[in-house]
Amino acid sequence: MTYTLDRTLGATSFQDAVGRTKSALIKHGFGVLTEIDVRATMKKKIDADIDDYLILGACNPRMAFEAMKLEPKVGAMLPCNVILRAVGGGNVMVSAIDPVASMQAIDNEMLTSLAGRVRSMLADVVTDV
């Protein structure tokens, strides 16, 4: 099983891809709680030069609340990360975590069902970017 939902955007700037991704997240009920510029962090911490790479910590509050009611410790696996990374040739790959894959460690059928609903929502986000 793959653990991400992916889409490659051709001939687009990284900043345009970020804007499009944030807009798609909002359209589908997600907010961005965290934003980690991995490129800047790697440069600052270990003086490594990498291509653009951004992690967005996305959250749908209603779904997160439902998940926490089902499994109080599930917060350790939240938020739903979405990454954007430059992959060469002016292309940017957008990848969202597959919540069904990430929740396999928890034996709870109701949570698995909820993860499936969130997966569908994130698949729509990736499609709409």
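Anyway, here's the lowdown on the structure attached to this text. All of these numbers come straight from a predicted model, not from anything done at the bench.

## A look at the overall build of the chain
When you go through the chain residue by residue, the secondary structure sums to five helices and five strands. Overall, the chain shows an N-to-C arrangement of helices and strands of β-α-β-α-β-α-β-β-α-α. Classification of the 129 residues of the chain by burial places 36% in the buried group. Long-range pairs, those at least 24 residues apart, make up 70% of the contacts in the chain with a sequence separation of at least 6. When the accessible area of the chain is evaluated, it comes to approximately 7500 Å², of which 54% is carbon and sulfur surface.

## Examining the pattern of salt bridges
Applying the stated criterion across every chain, the model contains eight salt bridges. Of the charged contacts, one joins arginine 39 and aspartate 52 as a salt bridge, the two residues approaching to 2.8 Å between their closest N and O atoms. Note that arginine 39 is positioned in helix α2 (residues 38-46) and aspartate 52 in the loop between α2 and β3 (53-59), a separation of 13 residues in sequence. Accessibility expressed as a relative area gives 26% for aspartate 52, which makes it partly exposed. Its salt-bridge partner being lysine 43, residue aspartate 47 comes within 2.8 Å of it at the nearest N-O pair.

## Looking at the side chain of asparagine 60
Take asparagine 60: it is sitting in the loop between β3 and α3 (61-70). Looking at asparagine 60, its side chain comes within polar contact range of the main-chain nitrogen of methionine 63, at 3.1 Å.

## Let's talk about the nonpolar core
If you look at the biggest cluster of nonpolar residues, it comprises 31 residues, and the most contacted ones within it are Leu25, Phe30, Val82, Leu84, Leu111 and Leu122. Contributions of two or more residues to this core are made by β1 (4-9), α1 (14-27), β3, α3, β4 (80-88), β5 (91-97) and α5 (109-128). Looking at which element gives the most residues to this core, the answer is α5, with eight residues. Not counting residues up to four positions away in its chain, the partners in contact with leucine 84 are Phe14, Ala17, Val18, Thr21, Asp52, Tyr53, Leu54, Leu56, Val92, Met93 and Val94.

## Considerations on the side chain of threonine 21
Among the structural elements, threonine 21 can be located in helix α1. Look at threonine 21 and you get buried, because its relative accessible area is 0%. Among all residues touching threonine 21, those that are not within four sequence positions of it are Leu56, Val82, Leu84, Val94 and Val129.

## Things to note about the layout of surface pockets
Its boundaries defined by the atoms lining it, the largest pocket holds a volume of some 150 Å³. Those elements that place two or more of their residues in the lining of the largest pocket are β4, β5 and α4 (99-102). Looking at the lining of the largest pocket, its residues break down into nine nonpolar, four polar and no charged.

Procedures and definitions
Residues numbered from 1 in each chain as written. Predicted model: local features only at pLDDT ≥ 70, side-chain atom pairs only at ≥ 80, totals over all residues. Heavy atoms only, no water. Helix = DSSP H or I, 4+ residues; strand = E, 2+ residues; numbered from the N terminus. Buried < 20%, exposed > 50% of the residue type's maximum accessible area, 1.4 Å probe, protein only. Contact = heavy atoms within 4.5 Å. Areas by Shrake-Rupley, 256 points an atom, 1.4 Å probe, with all protein chains shown as cover. Salt bridge = Lys/Arg side-chain N within 4 Å of Asp/Glu carboxyl O. Polar contact = N/O pair within 3.5 Å; in protein donor to acceptor, adjacent residues only side chain to side chain. Core = buried A, V, L, I, M, F, W, Y, C linked by side-chain atoms within 4.5 Å. 1 Å grid on protein atoms, 1.4 Å probe; cavity = no way out; pocket = protein on both sides within 12 Å on 5 of 7 lines; lining within 4 Å. Points joined across faces, edges and corners; volume = space filled by probe spheres on them. Nonpolar A, V, L, I, M, F, W, Y, C, P; charged D, E, K, R; others polar.

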